[in-house]
Amino acid sequence: MFGLIKLIIWIVGFVVVASFALDYFGYEMNRNYFQERKSECQEKLKDCQNELLHQGLDNAQCNFDCVDPKLIIKKK
């Protein structure tokens, strides 16, 4: 239990230090990115589900790339 609390504190500390470092070097995190992309990702998942149902597991070509890391952290 103590190890879990210690791990959580380390992760939170790392995130805080990383956000200050990003800001210092002129970058910013797009904190709304996942909320903005949620509907588009759900639509891709729905299309993939329909394709799996109609073509089967062997022939389906699904693209699950919903997140673009270049848009999460960007230059100010």
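Scroll up for the structure.
All chains use their own residue numbering, which begins from 1 and follows the written sequence. At least 70 in pLDDT is required for a residue's local features to be given in this predicted model, at least 80 for side-chain atom pairs to be given and counted, and no such filter applies to totals for whole chains, interfaces and linings, which use all residues. Calculation of side-chain values draws on the structure's entire complement of heavy atoms; hydrogens and water are dropped beforehand.

Q: Would you mind showing me how to read a nonpolar patch on the surface here?
A: Only residues whose relative accessible area exceeds 30% and that form no salt bridge are eligible for patches; like-charged ones are grouped when within 9 Å, while nonpolar side chains (Val, Leu, Ile, Met, Phe, Trp, Tyr) are grouped when within 5 Å. Note on areas: Shrake-Rupley with a 1.4 Å probe; residue coverage comes only from the protein chains shown. Salt bridges are counted wherever a side-chain nitrogen of Lys or Arg sits within 4 Å of a carboxyl oxygen of Asp or Glu. Taken together, Met1, Leu4, Ile5, Leu7, Ile8, Ile9, Ile11, Val12, Phe14, Val15, Val16 and Phe20 make up a surface patch of nonpolar side chains, about 1,300 Å² in accessible area. Runs of H or I in DSSP of at least four residues are treated as helices and runs of E of at least two as strands, each being numbered from the N terminus. In this structure, Ile11 sits in helix α1 (residues 2-24).

Q: Any chance you could explain the packing of aromatic side chains here in plain terms?
A: A ring pair, where both rings are aromatic, is described by two values, the distance of the centres and the angle of the planes. Any Phe, Tyr or Trp ring, taking Trp's six-membered ring, that has another such ring centre within 6.5 Å forms a pair; planes under 30 degrees apart are called stacked, those over 60 apart edge-to-face, and the others tilted. Enumeration over the complete set of coordinates arrives at 2 aromatic pairs. Taken together, a centroid distance of 5.1 Å and an interplanar angle of 80 degrees make the contact between Tyr24 and Phe25 edge-to-face. The pair formed by Tyr24 and Phe25 is uniform in burial state, with each residue classed as exposed. Centroid distance Tyr33 to Phe34: 5.6 Å. Interplanar angle 80 degrees. Geometry classified as edge-to-face. Categorising residues by exposure relies on relative accessible area from a 1.4 Å probe, with only protein chains included: less than 20% of the type maximum marks a residue as buried, more than 50% marks it as exposed, and the intermediate range marks it as partly exposed.

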